[in-house]
Amino acid sequence: MPNNIGQIVTTLEIPVKGLTISEVEKDFILKSILSEIKKIVTAQQFDIWFSCLKIYSISDNSMTFVAPNEFIKEWLYSNYTDLFSNIVYKVLNTSREVIFSVENDICNQVLLAPPVDGLASSGEGSFEEYYSISPNKYYSFENFVIGPCNRLAHAAAAAVSESPGHAYNPLFIHGMSGLGKTHLLHAINNVLISKRTLKTLYISCERFVNHYISTIRSNNWDAFRRLYRNVDVLLIDDIHFFESSQGCREEFFHTFNTLYNARKQIVITSDCPPEAINSLEDRLISRFKWGLLCGIDSPTVETRIAIIENKALLWGINLSYETASYLAENISGSIRELEGAIARLSKEAKITKNCITLDMVKKISREISGNKKMVSIEAVLKAISQRFNVSISQLQSKCRARNLALPRQIAMHLSRKLTNMSLVEIGGYIGGRDHSTVIHADEKITKILKKDKNLLFILQKLEGELLK
Ligand code: ADP
Ligand code: MG
């Protein structure tokens, strides 16, 4: 990293008893530690697990590293705590407790430092190195398992990374939490950083909002606007965070227009489609629809098996097909949950010398699903049938009578919320409908509930009873 970057980032200094470590020094220490690690692990292991580490703080007693996600944090704790302690001792000449933390826990507290004059056009490398400060190699296209649930989103993201500004602009990816949206954004970022020809900015919406708020205080709007409007590619994660701030949406609207008119690439993710984001103005909704809108669904069992096998390989643990498929069938929440299960298995694998039995897998999946109350689709339909005075067979029929349409859509909405079934399974069970009908029903009911407090109350009561 060139020195000027160090100077820019020095805005964050962490006072420690008796000493103050500047960002430049932290950077130097990190490089020394990583170069020691490089001597021990393979290049591929280094890229995936270590290259994206940052140092958050160094105190008299401890040193806190920031990993990009829980999965990597857990893996480092399970496999490398001792190694890190030894290397930290070697580099600093005193021992310190090694702590691994996760980016989101820490980095959201750190406001993005405004760029220094001229940085954005200072040429070679500097912009990308600062703004895409830690290319997160773990989130690569190679590590992304493709299935029917995410094929379109993956293909679109790959196309954008190949020819940004030309393929799909904007690209809007939506889906529930833990299904791979952030992974795809970083994957695009990684490809673009490796080409080193374009200015790319990945930012979470939350940090954008924080930066907006700090700019209200500093009044440094020039710097704020220069930062976001001078990029070739803007990757903005979790745009549903805009719900809270109208001023921020206004600012983003102008950023969007500037970039779009200059044919710069914009990629956006959200946990729901644009029209379901509370209080998002029509003009932003319609702009988000100018390009390609694609959803990521919950993965099918086959895709979950493939993901588990992929993750197990990354963690270096041996899983038989039988155990992988047991996990896939019994932990049907988000992929983050599957990763949690594999992290737990890896700890067990250390104790049992890498021998993972079906019993161990059963125990872990019982513990994980035990924390969550599952509701069956039969129970949902029964509750709806009683509350709305229609029969279960009517709900499952093809009949489009108006008195059936609303309860049926509510049944789809609640099934999506409370059961572990995929969209396809829900649609199939409720009258052989396809997944887009379920999405439509879910979105429609979500919209109605925002206005109809009466229905909201009824559904909250139903949910409470089902979850009892
Ligand atoms: P989201 O942003 O949608 O909430 P993330 O992108 O953070 O979800 O994904 C959660 C975790 O699941 C990440 O560690 C990610 O690597 C993993 N993951 C999600 N989808 C896939 C996939 N298709 N293949 C491999 N890993 C995946
Ligand atoms: Mg995310």
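This one's a predicted model, so the numbers in the text were calculated from it and none came from an experiment.

Read from one edge to the other, the open sheet built from three strands follows the order S3-S4-S5, with strand pairing classed as mixed. The outermost strands of the open sheet, each flanked by one partner alone, are strand S3 (54-58) and strand S5 (97-102). Ignoring which end each strand starts from, the neighbouring axes of this sheet average 25 degrees apart. Pairing analysis gives six bridges linking strand S4 (residues 62-67) to S5, with the strands arranged parallel. Directly across from Met 63, in S5, lies its bridge partner Val 98.

Turning our attention to unusual backbone geometry. Here Asn 169 and Pro 170 are connected by a cis peptide whose omega angle stands at -5 degrees. Within the secondary structure, Pro 170 sits in the loop between helix H7 (151-162) and strand S6 (171-175). Located in the positive-phi region is Arg 263, a residue other than glycine, with phi close to 60 degrees. Residue classification places Arg 263 among the exposed residues on the basis of a relative accessible area of 67%. Phi angles above zero are rare outside glycine, and Asn 389 is one such case at about 60 degrees. Inspection of the secondary structure assignment puts Asn 389 in the loop between helix H17 (377-388) and helix H18 (392-396).

With that settled, the discussion passes to the site of ligand 1. Taken together, 19 residues form the shell around ligand 1, and within it Gly 178, Lys 181, Thr 182, His 183 and Glu 339 come nearest. In the environment of ligand 1, an oxygen atom lies 2.6 Å from a nitrogen or oxygen atom belonging to the backbone of Gly 178. Within the complex, 97% of the 560 Å² of free accessible area of ligand 1 lies under protein. Counting residues per element, the ones that place at least two in the shell around ligand 1 are helix H8 (181-195) and helix H15 (335-351). Of the residues that constitute the shell around ligand 1, the class distribution is seven nonpolar, eight polar and four charged.

With that settled, the discussion passes to the state of the cysteines. On inspection of all chains with the given rule, the structure shows zero disulfides. Of all cysteine sulfurs, the one in Cys 248 lies closest to Cys 205, which takes part in no disulfide; the gap is 6.4 Å. Looking at Cys 205, the relative accessible area reads 0%, which means it is buried.

Definitions and limits used
- Residues numbered from 1 in each chain as written.
- Chains lettered and ligands numbered in written order.
- Predicted model: local features only at pLDDT ≥ 70, side-chain atom pairs only at ≥ 80, totals over all residues.
- Heavy atoms only, no water.
- Pairing = 2+ DSSP bridges.
- Helix = DSSP H or I, 4+ residues; strand = E, 2+ residues; numbered from the N terminus.
- Axes fitted to C-alpha atoms, helices over the stretch in contact; angles between N-to-C directions.
- Buried < 20%, exposed > 50% of the residue type's maximum accessible area, 1.4 Å probe, protein only.
- Near = heavy atom within 4 Å.
- Polar contact = N/O pair within 3.5 Å; in protein donor to acceptor, adjacent residues only side chain to side chain.
- Areas by Shrake-Rupley, 256 points an atom, 1.4 Å probe, with all protein chains shown as cover.
- Nonpolar A, V, L, I, M, F, W, Y, C, P; charged D, E, K, R; others polar.
- Disulfide = S-S within 2.5 Å.

Keep in mind these numbers describe shape, not what the thing actually does.
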